[in-house]
Amino acid sequence: MKGRAAVCNTPGKPLEIEEISFIDPRPGEVLIKVSTTAVCQSDIHGIDGDVPGKLPGVAGHETVGYVVKAGAGLTRLKEGDYVCCTTSTVGCGFCDECLAGRRSNCTNHGMMSSMMREPGRKNSKGEPVSTLAGTVGGFAEYVLIDESANVKISEDIAPEKACLVSCAVISGFGSAITAGVKPFSSAAIIGTGSVGINAIQGSYFLGACPVIAVDILDHRLEAAKQFGATHTVNSKNVDPIQAVKDLTGGKGADYVFITATTASNALNKLALDMCSPNGTVCKVSLGGMTPESMKDIEWMRSMQGFGVARKFISPMMGGSNIIVDIPNYIRLYQAGRLNLDSLVSAEYPLEDINTAVAKLRTGEALRSIIKM
Ligand SMILES: [Zn+2]
Ligand SMILES: [Zn+2]
């Protein structure tokens, strides 16, 4: 099978539209005809080379499409199924982690385990083309992917909306669930891109009040109010630690989510300082998976201090159980309880993908959608 793809050949340079050939699905894999893929900040990390990845490569991991070819030995999907393609996993269903309800930690079909295989895509020079920022490669007409990374969804949701669930919603809203946000607790969300917006939606839905959005962009903070932020703090204008403490009776927020794409040691320190002594700091954004940022995680784990019982968690893709959660999020959207409509800033054909990426880089767009 051949199809167009937006290929990254050089880190940080514009993507190039090329024809790519795909092998037939191997056992356990499916070939998906892509309907839409949203552009996520993690894709930019992949394109810029600040998360590991081999070039040439295709980014894009918030994808919706139809199964057009099924490999041998599939257990759930068949040709014609309408699916959300993710970088997460539905898991095997039988290992200890799956049975404990933590399918994203499955020890048999682990998240990203397909990265160890040959990519199954080649460019016109015959070079293997890998996936960047996950295992989907959704900036293309076709996606070759493990069955376990897909969830079948009902056809009564448009792909332009459903694709947002594949990462932004499961990562943001999912983190709020995994962090265990309780009614009447307080939550602060640092960074109001679309993952942060979904951590806001999740915290609000789970009953937190106040839900405090922290950012340096006023238009983003304004948008955050539509998704359930009860208060906003522009950290360029005021001391965000003091502002969060003032809004939480002086103790700091019960839950602090780090969703800014520029995650750094300084930002992690900020999160700790605005978190209550018994609260939870949840690092959601990749923020560039450099050796330095990985050290940050170790550093944060050691930052408990004496006399505090803070928790630090960093669940990948929100730690979501996608096989259950994705259909639930879609039901929530259809019932008017999950806002996906205001997340979409604009739609572009694949040829204009570099414009879509640029709009996300500047913070102008929450999510740009690529329609194949
Ligand atoms: Zn399992
Ligand atoms: Zn993403």
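Starting from 1, residues in each chain are numbered consecutively following that chain's sequence as written. Whichever chain is written first is A, and whichever ligand is written first is 1; the rest continue in order. This being a predicted model, a pLDDT of at least 70 is required before a residue's local features are given, and a value of 80 or more before pairs of side-chain atoms are given or counted; all residues contribute to the totals for chains, interfaces and linings. The side-chain quantities take in all heavy atoms of the structure and omit both hydrogens and water.

(A) Structural context of empty space enclosed by the protein. Cavity means a closed set of points on a 1 Å grid over the protein atoms alone, one where a 1.4 Å probe fits but cannot get out, pocket means an open set with protein on both sides within 12 Å along at least 5 of 7 lines, and lining means a residue has an atom within 4 Å of a point. Grid points are joined across faces, edges and corners, and a volume is the space filled by probe spheres set on the points. As enumerated under the stated definition, the model contains two cavities of 30 Å³ or more in all. Taken as a whole, the largest cavity holds about 60 Å³ of empty space. Together, S88, T89, G110, M111, M112, S113, S114, T135, D146, S148 and A149 line the largest cavity. Throughout this entry, Asp, Glu, Lys and Arg are counted as charged residues, while Ala, Val, Leu, Ile, Met, Phe, Trp, Tyr, Cys and Pro are counted as nonpolar. The remaining residues, Gly among them, count as polar. Of the residues that constitute the lining of the largest cavity, the class distribution is three nonpolar, seven polar and one charged.

(B) Structural context of the coordination of the zinc ion (ligand 1). For the zinc ion (ligand 1), the full set of protein donor atoms is C92 (SG), C95 (SG), C98 (SG) and C106 (SG), at a range of 2.3 to 2.4 Å. Counted as coordinating are nitrogen, oxygen and sulfur atoms within 2.8 Å of the metal, or 3.2 Å for Na, K and Ca, while water is not included, which may make sites look incomplete. The geometry test gives tetrahedral to four donors whose angles all lie between 85 and 135 degrees, gives square planar to four donors and octahedral to six donors whose opposite members are over 155 degrees apart with all other angles between 65 and 115, and gives irregular to the rest. Each of the four donor atoms around the zinc ion (ligand 1) contributes to a set of angles spanning 104 to 117°, which defines the coordination as tetrahedral. Here the donor residues of the zinc ion (ligand 1) share one chain and are spaced in sequence as C-x2-C-x2-C-x7-C. Linking C95 in the loop between strand 6 (82-85) and helix 2 (96-99) with C106 in the loop between helix 2 and strand 7 (121-122), this pair joins segments that are 11 residues apart in sequence. Residues C95 and C106 agree in their burial class; the two are buried. The numbering of helices and of strands both runs from the N terminus, where a helix is a DSSP run of H or I of at least 4 residues and a strand a run of E of at least 2. Only protein chains enter the accessibility calculation, which uses a 1.4 Å probe; a residue whose area is less than 20% of its type maximum is buried, one above 50% is exposed, and one in between is partly exposed.

(C) Quick peek at the packing of aromatic side chains. Only Phe, Tyr and Trp rings are paired, with Trp represented by its six-membered ring, and only when their centres lie within 6.5 Å; those with planes under 30 degrees apart are stacked, over 60 edge-to-face, the remainder tilted. For the structure on display, the rule yields four aromatic pairs. With 6.0 Å between their ring centres and 65° between their planes, F22 and Y142 make a pair best called edge-to-face. With F22 in strand 2 (residues 16-22) and Y142 in strand 9 (residues 142-146), the pair connects residues that are 120 residues apart, well separated along the chain. Judged by its relative accessible area of 5%, F22 falls in the buried class. On the basis of relative accessibility, which here comes to 11%, the residue Y142 falls in the buried class.

(D) Examining the nonpolar core more closely. Formed by 51 residues in total, the largest nonpolar core has its most connected members in F257, I326 and L340. Those elements giving two or more residues to this core turn out to be strand 6, helix 3 (159-179), strand 11 (187-190), helix 4 (194-205), strand 12 (211-215), helix 5 (218-226), strand 14 (253-258) and helix 9 (322-334). Here this core gets 10 residues from one element, more than from any other, and that element is helix 3. The split into domains, and so the bounds of each, comes from an automatic or database assignment of domains. Mapping this core onto the domain boundaries places at least three of its residues in each of domain 1 (2-152 + 340-371) and domain 2 (170-316). Only heavy atoms matter for contacts: two residues are in contact if any of them lie within 4.5 Å across the pair. Ignoring anything within four residues of it in the chain, the contact list for F257 reads S175, A176, A179, V181, A187, A188, I189, I190, A199, S203, C282 and V284. Listed in part, the 26 residues of the second largest apolar core include V7, L31, I44 and V58. Here, nonpolar core means buried Ala, Val, Leu, Ile, Met, Phe, Trp, Tyr and Cys residues that are tied together by side-chain atoms lying within 4.5 Å of each other.

(E) Geometry of the sheet that holds strand 1 (residues 2-7). What the three strands build is an open sheet, ordered 1-2-7; its pairing is antiparallel. The sheet terminates laterally at strand 1 and strand 7, the two strands that pair on one side only. Strands are labelled as partners when DSSP assigns at least two bridges between them. One ladder, built from six bridges, connects strand 1 with strand 2; its direction is antiparallel. Residue pairing for strand 2: A6 is matched across the bridge by I17.

Taken by themselves, the reported measurements are silent on function.
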